[in-house]
Amino acid sequence: MPMMPEDENRLALKSDSYVSKEWLFNELLMERSRILVLDCRSSNEYGESHIRQAVNFSIPSMLLRRLAVGKIDLVSTIRCRELKEKIQNAYKNSIFVVYGEMIDQDRNFSSNDAIHVLIRRLQKDGCQAVCLQDCGGWLNGIGIIETEDEEAD
């Protein structure tokens, strides 16, 4: 069945591109060094709570568009030297777990959606990249969150 014009920019991630929060919890307990968790929510939401060891990866829309069409590489979108090194070191050896707001397996992503662009780009570059499924309202249930108060301790 051909795509309708309004569906041209709608893409779905393959079902094997998703992992459960239970899988992530177990992987972080067993082999924390082989997982890099990228939180694609806003800096404010990340500051309120996030998965321990997650790094905030919010990207301006102009850079996101350029990344989506292949005009720039992923590392060039990162200003923070520490994050840039972390991603470069993990590039071919780690599993990137990407999460954001309200992601579930049945959702179709716009081709310009930050999570979709990031996963697609990482996979195109030969990296293992997956999306954390069923993220809506889940952070407190994952058992590995960190809040502003905990970071201050």
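Above this note sits the structure.
Here goes a summary of the coordinates provided. Just so it is clear, the structure is predicted and the values come from calculations on it, not from any experiment. (Residues numbered from 1 in each chain as written. Predicted model: local features only at pLDDT ≥ 70, side-chain atom pairs only at ≥ 80, totals over all residues. Heavy atoms only, no water.)

## Side note on the overall build of the protein
Step number 1: Scanning the protein from N- to C-terminus turns up seven helices and nine strands.
Step number 2: Within the span of the protein, comprising 153 residues, buried residues form 41% of the whole.
Step number 3: For the protein, restricting intrachain contacts to residue pairs at least 6 apart in sequence, the fraction spanning at least 24 positions comes to 67%.
Step number 4: Looking at the protein as shown, the accessible area adds up to about 9,100 Å², and 45% of this sits on carbon and sulfur atoms. (Helix = DSSP H or I, 4+ residues; strand = E, 2+ residues; numbered from the N terminus. Buried < 20%, exposed > 50% of the residue type's maximum accessible area, 1.4 Å probe, protein only. Contact = heavy atoms within 4.5 Å. Areas by Shrake-Rupley, 256 points an atom, 1.4 Å probe, with all protein chains shown as cover.)

## A closer look at the side chain of Asn56
Step number 1: With respect to the secondary-structure elements, Asn56 resides in strand β5 (residues 55-56).
Step number 2: Within polar-contact distance, the side chain of Asn56 engages the backbone oxygen of Arg41 at 3.0 Å.
Step number 3: One polar contact links Asn56 to Ser43, side chain to side chain, over a distance of 3.2 Å.
Step number 4: The residues touching Asn56, leaving out its near neighbours within four places in the chain, are Asp39, Arg41, Ser42, Ser43, Tyr46 and Leu83. (Polar contact = N/O pair within 3.5 Å; in protein donor to acceptor, adjacent residues only side chain to side chain.)

## Focus: the pairing of strand β6 (residues 95-99)
Step number 1: The element β6 is extensively covered by neighbouring structure, given that five of its five residues are classed as buried.
Step number 2: By the alternation rule, side chains of β6 split into Ile95, Val97 and Tyr99 and Phe96 and Val98, which are all buried.
Step number 3: Sheet topology places strand β3 (residues 35-39) next to β6; five bridges connect them, and they run parallel. Directly across from Val37, in β6, lies its bridge partner Val97.
Step number 4: The sheet contact formed by β6 and strand β8 (residues 128-132) spans four bridges and is parallel. Bridging from a neighbouring strand, Phe96 pairs with Ala129 of β8. (Pairing = 2+ DSSP bridges.)

## A closer look at the sheet that holds β5
Step number 1: Here we have five strands laid out as an open sheet, ordered β2-β8-β6-β3-β5, and parallel in their pairing. In this open sheet, the two edge strands, each paired with only one partner strand, are β2 (18-19) and β5.
Step number 2: As paired elements, β3 and β5 share two bridges and run parallel to each other. Paired with Leu38 across the two strands is Val55, which belongs to β5.
Step number 3: Lying over the sheet, helix α4 (residues 81-90) contacts β3, β5 and β6, oriented at roughly 135° with respect to β3. (Axes fitted to C-alpha atoms, helices over the stretch in contact; angles between N-to-C directions.)

## Description of the environment of Ser58
Step number 1: Here Ser58 is to be found in the loop between β5 and α3 (61-68).
Step number 2: What makes Ser58 partly exposed here is its relative accessible area of 41%.
Step number 3: Here the alpha-carbon distance between Ser58 and Ser42, two residues 16 residues apart in the chain, equals 6.2 Å.
Step number 4: The residues contacting Ser58, other than those within four sequence positions of it, are Asp39, Arg41 and Ser43.

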